[in-house]
Each structure stands twice: as structure tokens, then as C-alpha cells.
Amino acid sequence: MSTVKRDISLARLDESYRNSIAYQYGLFAEKFSYDMLPEKVVQFAKSILLDSIGVMIGALDCDGFPRLTKSIETWGGTKEATILGTGMKTSAGNAALANIFLVHALGYNDLGGGGGHNSDTLPAILAIAEREHASGKDFLAAMVLSYELGGRFTDAVGGIFGYAPKGFPFDIRGGISIPPCLGMLLHMNAWEIANAIGICASHSIPLGILDTNNEENFHAKNLRMGFVGRDAIEACLLAQNGFTGPMRVVEGDHGYSTTLLTGIDLEKAVDWSGWRIFGSRFKNLCADSTTMGMVQTTIELVTQNDIKPEDIDHVLIQSGRRAYGHTSAQCKKYPRNVETCDHSAFYANAVAIKDRKYTINAMDPKNWDDPVVLDLIDRIEAKPTDLIDESGSGGIVDIWTKDGHHYHGMREEAYGMGITELTFEEIETKFREMVELRFSKEHTDHLIDMIMNVEKLDDIQKLIDMTIIR
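Residues numbered from 1 in each chain as written. Predicted model: local features only at pLDDT ≥ 70, side-chain atom pairs only at ≥ 80, totals over all residues. Heavy atoms only, no water.

A. Molecular detail of the overall build of the chain. Helix and strand content of the chain: 19 helices and 6 strands. Its C-alpha atoms give the chain a radius of gyration of 23 Å, within 12% of the compact-globule value 23 Å for 470 residues. If you line up the chain on its principal axes, its C-alpha atoms span 95 × 50 × 45 Å. Looking at the chain as a whole, 59% of its 470 residues are labelled buried. For the chain, the proportion of contacts with a sequence separation of at least 24, taken over those separated by at least 6, is 75%. (Helix = DSSP H or I, 4+ residues; strand = E, 2+ residues; numbered from the N terminus. Rg over C-alpha atoms; globule rule 2.2 N^0.38 Å. Buried < 20%, exposed > 50% of the residue type's maximum accessible area, 1.4 Å probe, protein only. Contact = heavy atoms within 4.5 Å.)

B. Up close: the state of the cysteines. For the coordinates displayed, the defined rule picks out 0 disulfides. Here Cys62 is not disulfide-linked; the sulfur of Cys286 is the nearest cysteine sulfur, at 9.2 Å. Among the residues examined, Cys62 registers a relative accessible area of 6% and is labelled buried. Between Cys236, a cysteine without a disulfide, and Cys200, which holds the nearest cysteine sulfur, the sulfur-to-sulfur distance is 7.7 Å. (Disulfide = S-S within 2.5 Å.)

C. Fine view of the environment of Gly77. Position of Gly77 relative to the elements: it lies in the loop between helix H4 (64-75) and strand S1 (81-83). The partly exposed category is assigned to Gly77, whose relative accessible area is 49%. Gly77 sits 273 residues away from Ala350 along the chain, and the two C-alpha atoms are 44 Å apart.

D. The arrangement of the nonpolar core in detail. Judged by nonpolar contacts, the single largest core of 156 residues is most densely connected at Phe153, Tyr358 and Leu463. When residues in this core are grouped by element, the largest group, 12 residues, is from helix H7 (residues 136-157). Once residues within four sequence positions are removed from consideration, Phe153 is found in contact with Tyr25, Tyr163, Arg173, Ile176, Val250, Tyr256, Leu261 and Ile264. (Core = buried A, V, L, I, M, F, W, Y, C linked by side-chain atoms within 4.5 Å.)

E. Seen up close, the packing of helix H6 (residues 122-131) against helix H8 (residues 174-185). At a closest axis distance of 9 Å, the pairing of H6 and H8 adopts a crossing angle of 15 degrees. Taken together, the axis directions place H6 and H8 in an arrangement best described as roughly parallel. You can see that H6 and H8 cross each other, and the crossing is right-handed. Side by side, H6 and H8 meet where Ala124, Ile125, Ile128 and Ala129 of the first sit next to Ile178, Cys181, Leu182 and Leu185 of the second. Each residue belonging to the contact of H6 with H8 can be placed in one class, and the counts come to 8 nonpolar, no polar and no charged. (Axes fitted to C-alpha atoms, helices over the stretch in contact; angles between N-to-C directions. Parallel < 35°, antiparallel > 145°, perpendicular 65-115°, else oblique. Left-handed = near helix turned anticlockwise from the far one by under 90°. Nonpolar A, V, L, I, M, F, W, Y, C, P; charged D, E, K, R; others polar.)

F. Region of interest: helix H5 (residues 92-105). With 14 residues, H5 should reach 20 Å at 1.5 Å per residue; the first-to-last C-alpha distance of 20 Å fits that figure. Of all 14 residues making up H5, 14 are buried, and the element is well covered by its neighbours. Among the residues trailing H5, Gly107 stands out with phi positive, at a value near 65 degrees. (Expected span 1.5 Å × (residues − 1).)

G. Region of the structure containing H7. The end-to-end C-alpha distance of H7, which contains 22 residues, comes to 32 Å, matching closely the 32 Å that a straight helix rising 1.5 Å per residue would cover. The buried fraction of H7 is high, at 19 of 22 residues. Of the residues trailing H7, Gly158 is marked for its positive phi of about 115 degrees.

H. Layout of unusual backbone geometry. Phi is positive for His187, close to 60 degrees, though the residue is something other than glycine. With respect to the element layout, His187 can be found in the loop between H8 and helix H9 (190-201).

I. Structural context of a nonpolar patch on the surface. Where nonpolar side chains cluster on the molecular surface, the patch consists of Met1, Val4 and Ile8 and spans about 320 Å² of accessible area. Its location among the elements puts Met1 in the segment before helix H1 (2-18). (Patch = residues over 30% accessible without salt bridge, like charges linked within 9 Å, V, L, I, M, F, W, Y side chains within 5 Å. Areas by Shrake-Rupley, 256 points an atom, 1.4 Å probe, with all protein chains shown as cover. Salt bridge = Lys/Arg side-chain N within 4 Å of Asp/Glu carboxyl O.)

J. How the structure looks around the pairing of strand S6 (residues 406-411). Here strand S5 (residues 395-401) runs beside S6; their pairing, made up of 6 bridges, is antiparallel. Residue pairing for S6: Trp400 is matched across the bridge by His406. Where S5 folds back on S6, the antiparallel hairpin that results is connected by 4 residues, among which Gly404 adopts a positive phi of roughly 95 degrees. (Pairing = 2+ DSSP bridges.)

Written out as C-alpha cells, the structure is:
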């Protein structure tokens, strides 16, 4: 009789695990495949991949990157995955860490779909895909899965701005959403994936201080999903070998729903309707999305009215209250690193006035000490306004010139960030602007063609090799 009671008790316990968010995500991943993807999803995913590889190649000169790769060289590890651009081989976890730094470093990657800057999850998926010699179809399916699971979990939290009030960046979702994508490539079953989620999500919890209002940004900002991605790889390899983790990490006692993310709507987390990937938006400026409307307006005003830096008397920039708090603090006024450049409303608008554009050249350290930029920063005043949505990308700009003229402009939302979306041609142009700094036009053409036909590759290694600077 005792063994019967035990078996019934354990069966009920196992049933609670199979009802968990982690197991349901694991089961979804186990059943997910390329054949389930509508053509529109496939094409949109390839646009994201094109954009992501472009910003990674564009970030190779960022100051923190060689410091990171130097450390990775000393760590060693099985040479099973590639750090893009460099050809350096290392462990899958280390490659994911380095490549996640690259995709986020310029603040130029996608936003929205997948629950944040979801292209930050791609390097971990790419590392395991390379390790397993996955096909382009399998890689693309795992990539889409990351958007679908990350988006659903973020919907449950209340959207991409639902994390910050709780003290965490939206990258915290990675511990839930990345292991299923890796598990899919590793041919893990739902139970193993659920354990991997439990292992990863219970240990990989980045803090909000990595990207918050009243703190300067640092290199570590670009690794807030990096360590999550690396941990997700290790968690999957552990679970694949039978190592266990708390599968009720979301809804269980002292799990996410009762500690870190109280108020989470568990039903939304498993609402399988629709495609969350379509919520993604592409940037046409390497700046925080909440400053883009202001910068676009500034560029328009100085270009249309031929306003030169020496003409400026003073400038007033206004944005929604979240944008103001996030990009107008004193600690971000005078950037001294790339990570703060893309989150400084003062700097971004000063460079926009000087250059009449805002490209990756704005990240050049020479601009940080440029007397023209510094003078313009001092002439800019920032204020919040209720005329722009609190968390929106819009902005209002007023410029007064020394000869007494006043110029006014306003955007309710930044181009590309809302109803208006970048066209594929604009995404391709953005890609070329970054990649052709390092590769010939012929090579760039070939790389674009390979990305846009990635589903035809029998081994994703062929695409990775195309990114290496010889």
C-alpha cells in the first residue's frame, strides 16, 4: 500500500510539472518545425537575420569587443563555434557571449517582437546550430521560436515596459525563452527542455542597473542577455545528460510569479494564437528607440533650413516621460563610451545637428571630445512632455538661432518604430552601410543572397564563414 500511495503522490507531482509554463514551452519546442512557418513569417525572419548580422559586423570596432575576446582566448574551451567577423573558434557558450555583445553594442538592433531586443537571443541559437551542423531551415525555425516564446512571456508580464518597474530588464525572459530554441536544435524532448528552463531561469537573472535611468552605461550592458544565452547553452547540455532543474520556476513557490515578476498573467504566457515575431521593428538610427523621434526631427529641421552648428543659440528637446528619464540624466549627458552614446538624448541631437545624420560614425570616440559637439550639448535643454506617449518614440524639437529665428518640429512616433515600418530596401541599405565598410560590394551581395536564401543551406556553417574578415 505504501508504494501505491507513493506512486500516486509522485504522479500528481509530475502532473504539476507537465502543467508548468516550462514544460508547455518545452512541448511547443519539441513539436515546432520549419514546416509550420507561413511564408510571411519566413521572409520577415530573414529580414531580422539580415539586420542582425549587419549590426554585428558594424560593431566589430566597439571598444569592449577586443577586451572581451582577449578574455575568451584565455578561457579556452572546445573549438566548436565561431565569433563572427573574426573567425575565432571557441566553445558555443563563449561564442554566444561574444556575438551577443556585437549584436547589442551599437543599440542598432531590432525591438519589440520577441519581448525586447530579441536579436540578442540569436547568437546562442547560432552557436548551437553551428555546433550541431544544423541546416538553415532548422536554424530559422529555432530563431522564429525565440520570438514566439519571448513575445508570449513578455505579453504575460505586461509588455516590454512591464519588467522595469520590477527592477529587471526585459532580458530576464531569456532564461525562459532561449533553452527551448536550443533544445529544439539539440533534439531534446519536452521534459529535458523543461528542466533546462528550470536550471537556466533560476540562475540567470540580469539586474535593471545594466540599463537604467540614473546610471552611466558600461560594456556589461551588452552582456545582459549574453550571460543568459551562455547559461542557456550550459543548462541544455546539463539537462540533456539528465541533470534536473525546477520546472515550476515560473509559477512555483518562490518562482518568478511570486517574487521577481508578481502579477504575471500565466494564461497569456501560453496563448498560442498569432505570430509575435511581427511585432519587431527595425531602427534606422543607432540610438535608443525613445530618442529616435527627436533625432529624426532635428535632422529634418537642420537640413531643410540649412542650420549650421555655429548658427545655434539654444535647443529644446521634448520627449515622453520614460524617454526623458532614460536618456536625459546628467550621467548620460557627456558620453565617454559607445554604450552611453546611444542612450544620450543630448549627444544624439548634438551630433545630428553637426552631421545632419546619425549613423554608426556617431559612435566614433573622436566625437566625444569634439568641441563642436560639446558646445552643442551645452546649448540643449531636455524636458518631458505629455504630448508624446510616455513610453513612445516620438519627440518635439525647437531650435532658436542667433539671428532670432525659431524652428519647430514634432513627430508623434519615430519612423520605423510604430505604424510605419522600414521597408526591406531600407533594411538592406542599412546592412550595406555597415558591411561594405569591411567587405567588397561583391562579397556583400553574396552575403545578402545567402541570408535571404538561408533555408536552402544544408549547414549553417556556410553562412557563418561568409562573415569572417579574411
